Amino acid sequence: MTLSTRDAAAPARAPALQSQKNASAATVSVASLVSAACWFGIVCGFAEGAGLLLFQRINWAQWARVMHVSKEILWISPVVDLGFFLLIGLAVASVARIFPRIPAIRVLAFLLTFLTAYDWLMLSGHFYRSAALLFALGVSVAVGRWLAKHEIGAAKTWRASAPWLLASLGLLICAIQGGKWIYQEWTIADLPAAKPGAPNVLVIVVDTLRADHVSSYGYSRQTSPNIDRLVGDGVLFENAIAPSSWSLPSHASLVTGRAVHEHGMGNVEPMPWLGWGNSSLNGLPTLGGALQKTGYRTGAFSANRIYFTSNVGLGRGFIHFEDYFDSVGDCFVRTEFGREFARLYMNRSQKSKFTRAFKYLGLGSWLDKDSEGSGDYGGTFGIRKRADEVNRETLRWVARDRQHPFFAMLNYLDVHFAYGGPSGYPKPVWDHGTTVDEYDAGIRYTDDYIGRLLHGLNDLGRLKNTIVIVTSDHGESLGDHGLSFHGAALYRELVHVPLIISYPGHIPEGVRVVQPVENEAIASTVLDLIGAKQDPFAGPSLDTLWKNPVTQQWPDAISELPQTNTIVAADRAMQGKIPIATDGWMKSVVSPQWQLIVHEKYSPQIYDWKNDPGELNNLANTPEGQAAIAVLLKESSH
Ligand SMILES: [Zn+2]
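So, how was this worked out
Residues numbered from 1 in each chain as written. Predicted model: local features only at pLDDT ≥ 70, side-chain atom pairs only at ≥ 80, totals over all residues. Heavy atoms only, no water. Pairing = 2+ DSSP bridges. Helix = DSSP H or I, 4+ residues; strand = E, 2+ residues; numbered from the N terminus. Axes fitted to C-alpha atoms, helices over the stretch in contact; angles between N-to-C directions. Phe/Tyr/Trp six-rings, centres within 6.5 Å; stacked < 30°, edge-to-face > 60°. Lys NZ or Arg CZ within 6 Å of the ring centre and 35° of its normal. Buried < 20%, exposed > 50% of the residue type's maximum accessible area, 1.4 Å probe, protein only. Contact = heavy atoms within 4.5 Å. Patch = residues over 30% accessible without salt bridge, like charges linked within 9 Å, V, L, I, M, F, W, Y side chains within 5 Å. Areas by Shrake-Rupley, 256 points an atom, 1.4 Å probe, with all protein chains shown as cover. Salt bridge = Lys/Arg side-chain N within 4 Å of Asp/Glu carboxyl O. Donors = N, O, S within 2.8 Å, 3.2 Å for Na, K, Ca; no water. Tetrahedral: all angles 85-135°; square planar, octahedral: opposite > 155°, others 65-115°. Parallel < 35°, antiparallel > 145°, perpendicular 65-115°, else oblique. Left-handed = near helix turned anticlockwise from the far one by under 90°. Nonpolar A, V, L, I, M, F, W, Y, C, P; charged D, E, K, R; others polar. Disulfide = S-S within 2.5 Å. Polar contact = N/O pair within 3.5 Å; in protein donor to acceptor, adjacent residues only side chain to side chain.

(A) Layout of the sheet that holds strand 16 (residues 595–599). Strand order in the open sheet made by the four strands is 14-15-16-17, with antiparallel pairing throughout. The sheet is open, and its two edges are formed by strand 14 (557–561) and strand 17 (605–607), each paired on a single side. Adjacent strand axes in the sheet meet at a mean angle of 15° when their direction is disregarded. Taken together, the three bridges between strand 16 and strand 17 define a ladder with antiparallel strand orientation. When the sheet's bridge partners are listed, L596 is paired in strand 17 with I606.

(B) Layout of the packing of aromatic side chains. Enumeration according to the criterion identifies 31 aromatic pairs in this entry. Taken together, F332, F341, Y345, F354, F358 and W366 form an aromatic cluster joined through their ring pairs. The ring of Y449 carries the charged tip of R452 above its face, separated from the ring centre by 4.3 Å. Over the ring of W609 we find R492, and its NZ or CZ is 4.0 Å from the ring centre.

(C) Quick look at helix 17 (residues 522–529). In terms of residue burial, helix 17 counts as a mostly covered element, since seven of its eight residues are buried. Of all the residues in helix 17, the buried ones are I522, A523, S524, T525, V526, L527 and L529. Buried residues belonging to helix 17 abut strand 1 (200–206), helix 7 (247–256), helix 9 (287–293), strand 9 (466–471), strand 11 (499–502) and helix 18 (543–547).

(D) How the structure looks around a nonpolar patch on the surface. A contiguous nonpolar patch, built from L54, I58, W273 and L274 and spanning about 500 Å² of accessible area, is present on the exposed surface. Tracing the backbone shows W273 in the loop between helix 8 (260–263) and helix 9.

(E) Region of the structure containing the pattern of salt bridges. Counting across every chain of the model gives 22 salt bridges. Residue R106 is joined to E151 by a salt bridge in which the shortest nitrogen-to-oxygen separation is 3.8 Å. With R106 in helix 4 (residues 104–122) and E151 in helix 5 (residues 129–189), this residue pair connects regions lying 45 residues apart in the sequence. Take R106: its relative accessible area is 26%, and that puts it in the partly exposed class. Classification of E151 as buried rests on a relative accessible area of 14%. Residues participating in the shared-partner salt-bridge network are R305, D326, D330, R334 and E372.

(F) Highlighting the coordination of the zinc ion. Those protein atoms acting as donors to the zinc ion are D207 (OD), S247 (OG), D473 (OD) and H474 (NE2), and they sit at 2.0 to 2.1 Å. Each of the four donor atoms bound to the zinc ion contributes to angles spanning 99 to 124°, and the resulting shape is tetrahedral. Sequence spacing of the donors to the zinc ion: D-x39-S-x225-D-H. Taken as a pair, S247 in helix 7 and D473 in the loop between strand 9 and helix 16 (492–495) lie far apart in primary sequence, 226 residues in all. The buried category is assigned to D473, whose relative accessible area is 0%.

(G) Quick look at the pairing of strand 1. The element strand 1 is largely enclosed, with a buried count of seven among its seven residues. Burial of the side chains of strand 1 extends over both faces: N200, L202, I204 and V206 are buried on one face and V201, V203 and V205 on the other. In terms of strand pairing, strand 1 meets strand 9 through six bridges, oriented parallel. Within the sheet, the bridge partner assigned to L202 lies in strand 9 and is V468.

(H) Inspection of the packing of helix 4 against helix 5 at higher detail. It is at 7 Å that the axes of helix 4 and helix 5 come closest, and there the two elements cross at 140°. For the element pair helix 4 / helix 5, the angle class is oblique. Crossing angle aside, the handedness with which helix 4 passes helix 5 is right-handed. Across the contact of helix 4 with helix 5, the residue classes break down as 19 nonpolar, two polar and three charged.

(I) The sheet that holds strand 10 (residues 496–497), seen in detail. A sheet is described by the order of its strands in space; here three strands give the open sequence 10-3-13, paired in mixed fashion. Edge positions in the open sheet fall to strand 10 and strand 13 (517–518), since each of these has one partner strand only. By the bridge criterion, two bridges tie strand 3 (residues 240–241) to strand 13 in an arrangement that is parallel. Looking across to strand 13, one finds that A240 is bridged to V517.

(J) The arrangement of unusual backbone geometry in detail. The omega angle of the peptide bond from F417 to A418 is -5°, so this bond is cis rather than trans. When you line up the elements, A418 lands in the loop between strand 8 (406–412) and helix 15 (435–459). The phi angle at F325 is positive, at roughly 60°, despite the residue not being glycine. Along the chain, F325 turns up in the loop between strand 5 (320–322) and helix 11 (328–334). In this structure, E615 takes a positive phi of about 50° despite not being glycine. Take E615: it is sitting in the loop between strand 17 and helix 20 (623–635).

(K) Representation of the state of the cysteines in the model. Evaluation of the coordinates by the stated rule reveals zero disulfides. Summary of cysteine pairing: C38 is not part of a disulfide, and the nearest cysteine sulfur, belonging to C44, is at 13 Å. With no disulfide of its own, C174 lies 16 Å from the sulfur of C331, the closest cysteine sulfur. On the basis of relative accessible area, C174 is assigned to the exposed category, the value being 53%.

(L) Up close: the side chain of H474. Inspection of the secondary structure puts H474 in the loop between strand 9 and helix 16. Relative accessible area serves as the criterion here: at 0%, H474 is assigned to the buried category. Side-chain polar atoms of H474 contact the side chain of D207, separated by 3.4 Å. With near-sequence residues (within four places) excluded, H474 lies in contact with D207, T208, L209, A242, S244, S245, W246, S247, H486, L494 and V497.

(M) How the structure looks around the packing of helix 3 (residues 73–98) against helix 5. Helix 5 packs onto helix 3 with a crossing angle of 145° between their chain directions and a minimal axis gap of 9 Å. Crossing of helix 3 against helix 5: the hand is left-handed. Here L74, W75, P78, V79 and L82 of helix 3 come into contact with helix 5, specifically with L166, L169, L172, I173, I176 and Q177. Its residues assigned to classes, the contact of helix 3 with helix 5 comprises ten nonpolar, one polar and no charged.

(N) Spotlight on the environment of S140. Residue placement: S140 occurs in helix 5. Between the alpha carbons of S140 and F110 there is a distance of 5.3 Å; along the sequence they are 30 residues apart. Residue contacts for S140: discarding those within four places in its chain leaves F110, T113 and F114. Here the side chain of S140 touches A136 through a polar contact of 2.8 Å, landing on its backbone oxygen.

Have a look at this one:
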């Protein structure tokens, strides 16, 4: 047996020519191996990309555990598979050079058939790994047998079709990336002229940030010097209340300016086959859409790749949306082989040789695990998108255009579990490793990057005329009421979030508003601040509260939590001990003194949060509490 298919068919040659021929045989063989690797890589990747998109939609009920992809996966999968298979091709070629009797083409085809079959079988997310391995082995043995008789023909086919496959991959990349670019350019070219001097709008959502851990909200630790500095230029709402206690419903409220029961996105909904179009969020107007109509370029930059993404239905109104595929590592772990890599390697200890080697190669960020994916259940982890990347994306996008005012909505996920900020980032002096220490360290890190973002905008000359709003989508339990995380209940630590609006020279400086407000009112408030003629949101606009601090009739702040299963096990364990959302919907009403929490199945709780901010004493059985419940139920029923 010789190396080359061509050589195998050639007649015997004179010994004098043999060494020269051997050299050319090796070259021919490498070319055949490379074309086979190309062929398999691209074919495997095309089907893989389509399959990942398809099964994400079919498996939507498992949304929190799925690694998500958007249309870019259609070219990223073939590129990754092509690179991986080429490496295998080159390895086989090297071995065959040392051991020329190895049937290199057949060995390679066997390996690549095995990998392709395994890849395709695993796409559904419903196959046992061992069964897929066995089945793939069977397929590759059958293909190997067939190849023993058809090697020459197959190699010819691969060589002839590989260039075409490469060309189609190139075209697909141009179509998808170019299509996005053209869509954005055209949409921006179509924007109406904005009012002269219209301010930019920057809404920063620090995911999972409870207000009482922010220094300007009275926290004893210096967690937030940059956020605190914004307070000096504007207004701080001491009692801002989030629309819900987990990311999806709250972000949906922030982009629509509406309550959860109005936009209806209380849980993940199945994605329509042809994309969301205008059907998401009950078709309600969005802040991005309203600002586009007044001449704004709009963009979202999200590190929460489970619940603040275009895929989940929150993209409407944003001309530009950056969620997935922010780095080579992120592109890689969203492909099928990348998922296998993450499953095998991302769970290793800090001391493992693999982890140390990876860090040594400068790829430590690949091991920064995200809660996205099924890693906590033995499957694949996502790679965390840190605040520095969100900043990079935002500043790059802002710098691209000076003609239009911008509206950018950012989500930083660094305060969210796993706490502590990225490894390598200096720990604050107070951090001795407790849960709260680590949670606070994440705030300090995020705050630092908020400062850097504002510096970056200033360097671009785009900060001066910018409304900056900092808020959060919900808080975090950190052990209060027996809970650890969020999304299970509506206690104060879960819904009391920061809300700071800075717009130097246009709103009063250093004002603190005590009145409880809903932070989804940001949508109406922004339209008011930019002087838009129409406000498609429910209101009320918060500027009334700083223009007229003695306004009395302000609606109570409402939060809603539809029944949900998206609750981690640690909090789910509280079912039966306290009312949580696993077995019924919940609603909270916050007035200047009281917080009422009602549950579909259990009796209401009421807390005097002003005097009992930790909400330790449920006063529902006291005459005072009963009276307050009656008043709050009446006030919140219309
Ligand atoms: Zn969140």
